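Residue-level structural notes
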Amino acid sequence: MHDTRFNYTLDQLKQMAQDVLRQAKAAGASAAEAEISLGFGQNVTVRLDEVETIEYNRDKGLSVSVYFGQRRGHASTSDLSPQALNDTVQAACSIARHTAQDPFCGLADPTLLAHEICDLDLYHPWDISVEDAIELAKTCEAAALTYDRRLNNSEGASVSAHEGLFAYANSNGFCGGYPTSRHALSCSVIAEQGEMMQRDYWYSTARAAGDLESAETVGRKAGERTVRRLGARQLDTRQTAVLFEPGLASGLISNFVSAISGGNLYRKSSFLLDCLGQQVFSPIVDISERPHISRGLASSPFDHEGVVTHDRELVSGGILQGYVLSSYSARKLGMHSTGNAGGNHNLIVRSGEHDFAGLVNMMGTGLIVTELLGQGTNPVTGDYSRGAAGFWVEHGEIQYPVEEITIAGNLKNMFRGIVAVGNDVLVQGSKQCGSLLIERMTVAGE
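Residues numbered from 1 in each chain as written. Predicted model: local features only at pLDDT ≥ 70, side-chain atom pairs only at ≥ 80, totals over all residues. Heavy atoms only, no water.

1. A short note on the overall build of the chain
Worth spelling out the cut-off: For helices the rule is a DSSP run of H or I covering at least 4 residues; for strands it is a run of E covering at least 2, with both sets numbered from the N terminus onward. Throughout, the radius of gyration refers to the C-alpha atoms, and the reference size of a globule is 2.2 Å times the residue count to the power 0.38. Only protein chains enter the calculation, and the probe is 1.4 Å; a residue is then buried if its accessible area is under 20% of its type maximum, exposed if over 50%, and partly exposed in between. Only heavy atoms enter the contact rule, under which two residues are in contact if any of them lie within 4.5 Å. Values of accessible area rely on a 1.4 Å probe in the Shrake-Rupley scheme; residue burial ignores everything except the protein chains shown. We treat Lys and Arg as the positive residues and Asp and Glu as the negative residues; His and chain ends play no part in the count. In plain terms, the charge of a residue is placed at NZ if it is Lys, CZ if Arg, CG if Asp and CD if Glu.
Secondary structure summary: the chain contains 9 helices and 17 strands in total. Taken against the 2.2 N^0.38 rule, which gives 22 Å for 446 residues, the C-alpha radius of gyration of the chain at 24 Å falls within 12% of a compact globule. Overall, the C-alpha framework of the chain stretches about 70 × 55 × 35 Å when taken along its three principal axes. When each of the 446 residues of the chain is scored for burial, the buried share is 52%. Within the chain, counting contacts between residues at least 6 apart in sequence, those at least 24 apart form 71% of the total. Of the roughly 19400 Å² of accessible surface on the chain, 47% is carried by carbon and sulfur atoms. Of the charged side chains in the chain, 36 are positive and 52 negative, and the gap between their average positions amounts to 6 Å.

In structure tokens form, the structure reads like this:
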């Protein structure tokens, strides 16, 4: 089906990638790899029931890396004509001839390459017309604005649809590719009460349009999340338990992934250096990687180097079981690629028994964090300090919204201080995690 929707078929992309490899070999390269990708999509945004933007995008590109022994050259182009492909190969070869030797560069280990490429059901085109997308966005925004009369302004509702197709090949005999899709629906609105204004948003994303939350649900959640922030206060400085909503909890897992990623490890710029086999999380935390989930937002049968992906446990009982490595970073560390060139695939934090309300009740007294501001994370020391907003909880019940506060701690202590993982999992990206309850952090306010 995808062959009729792109300017090239998958077989044509594979053939072009193989041609590029042959040209590189003819130019004297000892090894080479190439990726060719196509993509197109549309995005419609409506604000206050009027069309604000209609955007179309169509992209294509080739990237090629050539190796002259231990010298590497890389070049890319958005022109897929035969002459442009040849010029790009020659440019990469010219760069490689003038580059210093690097004993760790090169293609992935041939024994690790994927031989059978499983279909993970990642391609679901959404044939939505611009007119229908506009109506869907209007429905979404209307559901938000009619949730409460204090919702009197909007930053808009958007509907987007995207499709992509790629092929990757290397001179060790690998050649593979597949089509993908990703669609989204989002809404952001503003509420006013007296002189106080608040904004919040909600969105849903999926491989298939049928898996998206309904426009009414997305709008209603955006409205609800915005209104509940009205009347926010500051807190005075204190030490307290902190409960991170699922979307923000996934951000903490991202901090963890960054710390165990090869690039940061071999540069010694990670707060989790030499922690393999050690306790890095609370014993209740288990994190697994599941690359082959059907329709998964980060599913892939192979990584960006053609290395086969496989299920594995990253954290068991709080103990670190593995790193996140590409071929290059693995060689630098004297290890093997983990199939993570290009990033992680569907990290799943095992859920506990409590839903969000159960975690709030369990916390008793503390802070729920629903928004984080700024980039106050030090990847070398693990020091963590972010602007925040959310809700103050006493006796297991939300008392009032809070804003203009800062939460601070150290990620090492925060990870080991996780006392509960919620079952309120939110699937919006490559990490799937419920709310995280952390025993103690510093909250700075007035």
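2. Side note on the pattern of salt bridges
Threshold: Put simply, a salt bridge is a Lys or Arg side-chain nitrogen that is within 4 Å of an Asp or Glu carboxyl oxygen.
Applying the stated criterion across every chain, the model contains 18 salt bridges. Salt-bridge contacts for Asp200 lead to Arg229; the nearest nitrogen and oxygen are separated by 3.2 Å. With Asp200 in strand 6 (residues 196-206) and Arg229 in the loop between helix 4 (215-227) and strand 7 (238-244), the pair connects residues that are 29 residues apart, well separated along the chain. With its nearest N and O atoms 3.3 Å apart, the salt bridge here joins Glu213 to Lys221. A residue is classified by how much of its surface remains accessible, and Glu213, at 23% relative accessible area, is partly exposed. Under the relative-accessibility criterion, Lys221 is labelled partly exposed at 28%. Three or more residues are tied together by salt bridges with common partners; here these are Asp200, Arg225, Arg228, Arg229, Glu245 and Glu371.

3. Focus on the packing of helix 3 (residues 130-145) against helix 4
Note the cut-off: Axis geometry follows a simple rule: fit a line to the C-alpha atoms, using only the stretch in contact for helices, then measure angles between N-to-C directions, giving values from 0 to 180 degrees. Here a crossing is taken to be left-handed if its near helix is turned anticlockwise relative to the far helix by less than a right angle, and right-handed if that turn runs clockwise. Following the grouping adopted for this structure description, the nonpolar residues are Ala, Val, Leu, Ile, Met, Phe, Trp, Tyr, Cys and Pro, the charged ones are Asp, Glu, Lys and Arg, and the polar ones are all others, Gly among them.
Direction vectors running N to C along helix 3 and helix 4 enclose 35°, while the axes themselves pass 7 Å from each other. Once helix 3 is placed against helix 4, the crossing between them reads as right-handed. Residues Leu136, Thr139, Cys140, Ala143 and Ala144 of helix 3 lie in contact with helix 4, whose contacting residues are Ala215, Glu216, Val218, Gly219, Arg220 and Gly223. A per-class count over the contact of helix 3 with helix 4 returns 6 nonpolar, 3 polar and 2 charged.

4. A closer look at a negative patch on the surface
For clarity, the cut-off: Patches were defined on residues exceeding 30% relative accessible area and lacking a salt bridge, with like-charge contacts within 9 Å and nonpolar side-chain contacts (Val, Leu, Ile, Met, Phe, Trp, Tyr) within 5 Å.
Side chains of Asp49, Glu50, Glu131, Asp132 and Glu135 sit close together on the surface and give a patch of like negative charge. No other element matches helix 3, which puts 3 residues into the negative patch. Within the fold, Asp132 resides in helix 3.

5. Things to note about the pairing of strand 5 (residues 175-193)
The line we're drawing: Strands are labelled as partners when DSSP assigns at least two bridges between them.
Two strands pair when backbone bridges link them, and strand 4 (residues 151-170) and strand 5 are joined in this way by 17 bridges, in the antiparallel orientation. In the strand pairing of strand 5, Leu165 is matched with Pro179. Inspection of the sheet shows strand 5 paired to strand 6 by 11 bridges, in the antiparallel sense. Each bridged residue has a counterpart across the sheet, and for Ala184 the counterpart in strand 6 is Thr205. Hairpin connection between strand 5 and strand 6: a loop of 2 residues separates the two successive antiparallel strands, and Gly194 in this loop has a positive phi of roughly 65°.

6. Quick look at the state of the cysteines
Counted only if it meets this: Two cysteine sulfurs form what is called a disulfide whenever their separation falls within 2.5 Å.
Here the structure, examined in full by the defined rule, presents 0 disulfides. Not engaged in a disulfide, the cysteine Cys93 finds its nearest cysteine sulfur in Cys105; these two sulfurs lie 14 Å apart.

7. Quick word on the pairing of strand 2 (residues 50-68)
Bridging between strand 1 (residues 31-47) and strand 2 involves 17 bridges; their strand directions are antiparallel. Each residue of the ladder has a partner; that of Ile36, found in strand 2, is Leu62. Counting the residues in the hairpin turn of strand 1 and strand 2 gives 2 residues, including Leu48, whose phi is positive at 50°. Across 7 bridges, the pairing between strand 2 and strand 3 (residues 71-77) is antiparallel. Bridge pairing in strand 3 links Val66 to Gly73.

8. Description of the nonpolar core
The criterion, for reference: To define a nonpolar core, start from buried Ala, Val, Leu, Ile, Met, Phe, Trp, Tyr and Cys residues and group those joined through side-chain atoms within 4.5 Å.
Ranked by size, the top nonpolar core spans 48 residues in total, and within it Phe244, Phe256, Leu367 and Ile407 carry the most contacts. Setting aside chain neighbours within four positions, we find Phe244 in contact with Ala249, Leu252, Val369, Leu372, Tyr384, Ile407, Met414, Ser435, Leu436, Ile438 and Met441.

9. Topic: unusual backbone geometry
Located in the positive-phi region is Arg295, a residue other than glycine, with phi close to 65°. If you trace the backbone, Arg295 turns up in the loop between strand 8 (287-289) and strand 9 (312-316). In this structure, Glu404 takes a positive phi of about 55° despite not being glycine. Along the chain, Glu404 falls in strand 14 (residues 397-410). Look at Glu404 and you get exposed, because its relative accessible area is 56%.

10. Examining the packing of aromatic side chains
Which entries qualify depends on this criterion: Note on ring pairs: Phe, Tyr and Trp rings are taken, using the six-membered ring of Trp, and paired if centres are within 6.5 Å. Classes follow the plane angle, with under 30 degrees stacked, over 60 edge-to-face and the rest tilted.
Scanning all chains against the criterion turns up 13 aromatic pairs. Ring centres 5.8 Å apart and planes at 45° place the aromatic pair Tyr168 and Phe174 in the tilted group. By relative accessible area, which is 4% here, Tyr168 ends up buried. Taken together, a centroid distance of 5.0 Å and an interplanar angle of 75° make the contact between Phe256 and Phe281 edge-to-face. Of this pair, Phe256 sits in helix 5 (residues 246-259) while Phe281 is found in the loop between helix 6 (262-266) and strand 8, placing the two residues 25 residues apart along the sequence. Residue class for Phe256 comes out buried when judged on its relative accessible area of 0%. Counting every residue linked through ring pairs, the aromatic cluster contains Phe166, Tyr168, Phe174, Tyr178 and Phe302.

11. Things to note about the sheet that holds strand 8
Ordered in space as 10-9-8-11-16, the 5 strands form an open sheet in which the pairing is mixed. Unpaired on one side and paired on the other, strand 10 (319-320) and strand 16 (431-432) mark the two borders of the sheet. Sheet topology places strand 8 next to strand 11 (residues 347-349); 3 bridges connect them, and they run antiparallel. Following the sheet pairing, Glu289 is matched in strand 11 by Leu347.

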